[in-house]
Amino acid sequence: MRLTRYFLPVLKETPSEAQIVSHRLMLRAGMIKQQAAGIYSWLPMGFKVLKRIEAIVHEEQARAGHIPMLMPTLQPADLWRESDRYDAYGPEMLRIRDRHERDMLYGPTNEEMITDIFRSHVASYKDLPLTLYHIQWKFRDEIRPRFGVMRGREFYMKDGYNFDLTREDALHAYNRHLVSYLRTYERMGLQAIPMRADSGPIGGDDTHEFLVLAETGESEVFYDSAVTDIRLGDREIDYDDHAQCRAVMEEFTALYARTDETHDAEAFAQIPAERQRSARGIEVGQIFYFGTKYSEPMGATVQGPDGKPVPVHMGSHGIGVSRLVGAIIEASHDERGIVWPEGVTPFHVGIVNLKQGDAGTDRACEELYGALTKAGLEPLYDDRDERAGGKFATMDLIGLPWRITVGPRGLKSGVVELTSRRTGESEELSPEAAAEKVIEIYAPHHRQAEHWEPMAKRSFHTWL
Ligand code: ATP
Ligand code: MG
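Residues numbered from 1 in each chain as written. Chains lettered and ligands numbered in written order. Predicted model: local features only at pLDDT ≥ 70, side-chain atom pairs only at ≥ 80, totals over all residues. Heavy atoms only, no water.

Student: Whenever I open this one, the sheet that holds strand β4 (residues 74-76) confuses me. Can you help?
Tutor: Strand pairs in the sheet, formed through backbone hydrogen bonds, run parallel or antiparallel to each other. Pairing within the open sheet is antiparallel, and its three strands lie in the order β4-β6-β5. Each edge of the open sheet carries a strand with a single partner, namely β4 and β5 (94-97). Neighbour-to-neighbour, the strand axes of the sheet open up by a mean angle of 35°, direction not taken into account. Summarising the sheet, β5 and strand β6 (residues 103-106) pair through four bridges and their orientation is antiparallel. Its bridge partner lying in β6, Leu-94 is registered against Tyr-106. (Pairing = 2+ DSSP bridges. Helix = DSSP H or I, 4+ residues; strand = E, 2+ residues; numbered from the N terminus. Axes fitted to C-alpha atoms, helices over the stretch in contact; angles between N-to-C directions.)

Student: Can you help me understand the pairing of strand β23 (residues 426-429) in this one?
Tutor: In terms of strand pairing, strand β22 (residues 416-420) meets β23 through four bridges, oriented antiparallel. The residue of β23 that forms the bridge with Val-416 is Leu-429.

Student: For this particular structure, what's the right way to read the packing of aromatic side chains?
Tutor: Each aromatic ring pair is summarised here by two numbers: the centre-to-centre distance and the angle between the ring planes. Under the counting rule described, the total for this entry stands at 12 aromatic pairs. When the ring of Tyr-6 is compared with that of Phe-347, the centres are 5.4 Å apart and the planes differ by 85°; the resulting orientation is edge-to-face. Separated by 341 residues along the polypeptide, Tyr-6 in the segment before α1 (21-28) and Phe-347 in the loop between β18 (337-338) and β19 (349-353) bring together distant segments of the chain. We note that Tyr-6, like Phe-347, is buried. Between the aromatic rings of Phe-290 and Tyr-294, the centroid separation amounts to 4.9 Å while the plane-to-plane angle is 70°, which identifies the pairing as edge-to-face. Phe-290 gets classed as buried once you look at its relative accessible area, which sits at 6%. For Tyr-294, a relative accessible area of 1% puts it in the buried group. By the ring-pair criterion, three or more aromatic residues cluster together here, those being Tyr-181, Tyr-185 and Phe-210. Positioned above the aromatic ring of Tyr-369, the side-chain terminus of Arg-2 is 4.5 Å from the ring centre. Against the face of Tyr-86 rests Arg-95, its NZ or CZ located 4.6 Å from the ring centre. (Phe/Tyr/Trp six-rings, centres within 6.5 Å; stacked < 30°, edge-to-face > 60°. Buried < 20%, exposed > 50% of the residue type's maximum accessible area, 1.4 Å probe, protein only. Lys NZ or Arg CZ within 6 Å of the ring centre and 35° of its normal.)

Student: Would you mind going over empty space enclosed by the protein with me for this structure?
Tutor: Vacant regions in the atomic arrangement are exposed by a probe of water-molecule size rolled over the atoms. Within the structure shown, the criterion is met by one cavity of 30 Å³ or more. Its volume calculated, the largest cavity comes out at about 60 Å³. As for the largest cavity, its lining consists of Tyr-40, Trp-42, Trp-137, Val-149, Gly-152, Glu-154, Phe-155 and Ser-322. Contributions of two or more residues to the lining of the largest cavity are made by β2 (39-42) and β8 (154-164). Residues that form the lining of the largest cavity fall into these classes: five nonpolar, two polar and one charged. (1 Å grid on protein atoms, 1.4 Å probe; cavity = no way out; pocket = protein on both sides within 12 Å on 5 of 7 lines; lining within 4 Å. Points joined across faces, edges and corners; volume = space filled by probe spheres on them. Nonpolar A, V, L, I, M, F, W, Y, C, P; charged D, E, K, R; others polar.)

Student: How should I be thinking about the sheet that holds β23 in this particular structure?
Tutor: The five strands lie next to each other as β20-β19-β21-β22-β23, forming an open sheet whose pairing is mixed. Both outer strands of the open sheet, β20 (379-382) and β23, are each paired with one neighbouring strand and no more. Neighbour to neighbour, the strand axes of the sheet diverge by 20° on average, direction disregarded. Here helix α12 (residues 388-398) sits on the sheet and contacts β19, β20 and β21 (402-406); the angle it forms with β19, its principal contact strand, is near 170°. (Contact = heavy atoms within 4.5 Å.)

Student: Looking at this structure, how should I read the coordination of the magnesium ion (ligand 2)?
Tutor: Around the magnesium ion (ligand 2), the protein contributes the donor atoms Glu-283 (OE) and Gln-286 (OE1), which lie 1.9 to 2.1 Å from the metal centre. A relative accessible area of 24% means that Glu-283 is categorised as partly exposed. (Donors = N, O, S within 2.8 Å, 3.2 Å for Na, K, Ca; no water.)

Student: Sorry if this is basic, but what is going on with helix α11 (residues 359-374) here?
Tutor: Helical geometry note: an α-helix holds 3.6 residues per turn, so side chains three or four residues apart project in the same direction. Compared with the 22 Å implied by 1.5 Å per residue over 16 residues, the 22 Å span of α11 between its first and last C-alpha is a close match. Buried within α11 are the following residues: Thr-361, Ala-364, Cys-365, Leu-368, Tyr-369 and Leu-372. Buried residues in α11, looked at end-on, bunch into an arc of 135°, giving them a common side. Exposed residues lying more than 90 degrees from the buried face of α11 are Ala-359, Arg-363, Glu-367 and Lys-374. In this fold, the buried residues of α11 make contact with β19, β20, β21, α13 (408-412) and α14 (431-448). A positive backbone phi angle near 90° is found at Gly-376, which sits one or two residues after α11. (Expected span 1.5 Å × (residues − 1). Arc of directions from axis to C-beta.)

Student: Before we go on, may I ask you to explain a negative patch on the surface in this structure?
Tutor: Residues Asp-198, Glu-220, Asp-260 and Glu-261 make up a contiguous surface patch of negative charge. Locating Asp-198 in the fold gives a position in the loop between β9 (193-196) and β10 (206-213). (Patch = residues over 30% accessible without salt bridge, like charges linked within 9 Å, V, L, I, M, F, W, Y side chains within 5 Å. Areas by Shrake-Rupley, 256 points an atom, 1.4 Å probe, with all protein chains shown as cover. Salt bridge = Lys/Arg side-chain N within 4 Å of Asp/Glu carboxyl O. Lys, Arg positive; Asp, Glu negative; His and termini not counted. Charge placed at Lys NZ, Arg CZ, Asp CG, Glu CD.)

Student: Would you take a moment to explain the site of ligand 1 for this structure?
Tutor: Close to ligand 1 lie 14 residues, the nearest being Arg-140, Glu-142, Arg-151, Gly-152 and Glu-283. At a separation of 2.8 Å, a nitrogen atom of ligand 1 approaches a polar side-chain atom of Glu-142. The side chain of Glu-283 places a nitrogen or oxygen atom 2.6 Å from an oxygen atom of ligand 1. At the level of secondary structure, the elements contributing two or more residues to the shell around ligand 1 comprise β8 and β13 (276-291). Tallied by class, the residues present in the shell around ligand 1 amount to five nonpolar, four polar and five charged. (Near = heavy atom within 4 Å. Polar contact = N/O pair within 3.5 Å; in protein donor to acceptor, adjacent residues only side chain to side chain.)

Student: In this structure, what is going on with the nonpolar core? I would like to understand it.
Tutor: Met-31, Ile-53, Tyr-185, Phe-210, Val-284, Val-325 and Trp-340 are the most contacted members of the largest nonpolar core, which totals 76 residues. At seven residues, helix α6 (residues 167-187) tops the list of elements feeding residues into this core. Beyond its immediate sequence surroundings of up to four residues, Tyr-185 is in contact with Leu-190, Ala-192, Phe-210, Val-284, Gly-285, Ile-319 and Leu-324. (Core = buried A, V, L, I, M, F, W, Y, C linked by side-chain atoms within 4.5 Å.)

Student: Explain the pattern of salt bridges here, please?
Tutor: Side chains carrying opposite charge are able to pair once their charged atoms draw close together. A complete count under the given rule lists 31 salt bridges for this structure. The partner of Arg-151 in a salt bridge is Glu-218, and the shortest N-O contact between them spans 2.8 Å. Of this pair, Arg-151 sits in the loop between β7 (130-139) and β8 while Glu-218 sits in the loop between β10 and β11 (219-224), and the two are 67 residues apart along the sequence. Accessibility expressed as a relative area gives 30% for Glu-218, which makes it partly exposed.

What follows is the structure, given as structure tokens:
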């Protein structure tokens, strides 16, 4: 993308309504525009990051064997009357009446609707296990929408639902989700710690929230600092292997880590004093096992092996896709702007032309742009007729992990400058070597997506 043809409305002033750094930076970097309290337009660069996060979520769901689909944002109230949640959900639910006086609602979550789909089409235990998910806009009329996309009213969420014959199988689905979520967040450059939590209006006994530690987080958390040393990394996981998924779940949940709702001061006191931590965290996901809470009242049964009908065991699993955009910025920024992790960056590398209009510099930039694009990367070429300082400030603000600076002086000795946004370190290289190095840096990220179906890969990665 050439900056002169893009739409990147960066702000010079710091918007006064934004209380936390991610909200400020998203507004300043021209990623979002507020349309009403807690409701945002996603401007092109914000949209791009949102779609990159979404693509990683899809890829890791596919890897775990979960099936994508799409349910509508609007739902009939009657489904929620069946589960008794229509009244219980309270003022957070946005209720709408259509022209025929039918009660509708803008879905805050989809347990009822997915249970309805299941009971309409699945009759036998032989069709289990089954996990369906979608990524769709949700609406919760939050009492205090704030912090930009972190606590919106309209927000984008992945929600998945598992259907299993037995509790044992459903617990495997729980563990499988836990493992796949760990991998999902790590690919976004985040450490999200699973913490024992409270199930809230979803219900059920087993639930973990995934928390990113950050001072601005809305949750109070208590944990053993040793938990922050564990990483999933790129270990091979067989998502059908019950024992392996359970072992990973146990490894990540053995140490004390809880939100304030389930905090147990006595158990916390058992942790060696130097490892006791209380801090703030941002909830970026949650998994639930709730057994037959919905399948029983809604009649979602299958014919079991003995021919008798049995209600299925279910769980639901959510990732806050739009909240993650803010959470990643909270975890990765400095005083000059955003520092995108390579896995989610809107553009892989910025090209800064120090002397726009100089034939040699323009040509070198075009060649670099061509070579990077040909290798499947998306460079953002700052081809504006602006002074260097302004170009650097924009690049620092929007936070691309790598920058290639091209100027007539360097080109005279055959070099350009490759700079890391994170460390600020620069290195002089030939233009070819700089392109090679950037391609090399992103190779592992591209390999992660390789198992993903070619069609889907194309549609998610290249049309934006
Ligand atoms: P919270 O406690 O923050 O209100 P929740 O526990 O009610 O969230 P879940 O039902 O677990 O939310 O939804 C799954 C995920 O969706 C959450 O982990 C969070 O990342 C995201 N999410 C929930 N509410 C919002 C919101 N108002 N704005 C943005 N993301 C949200
Ligand atoms: Mg939650």
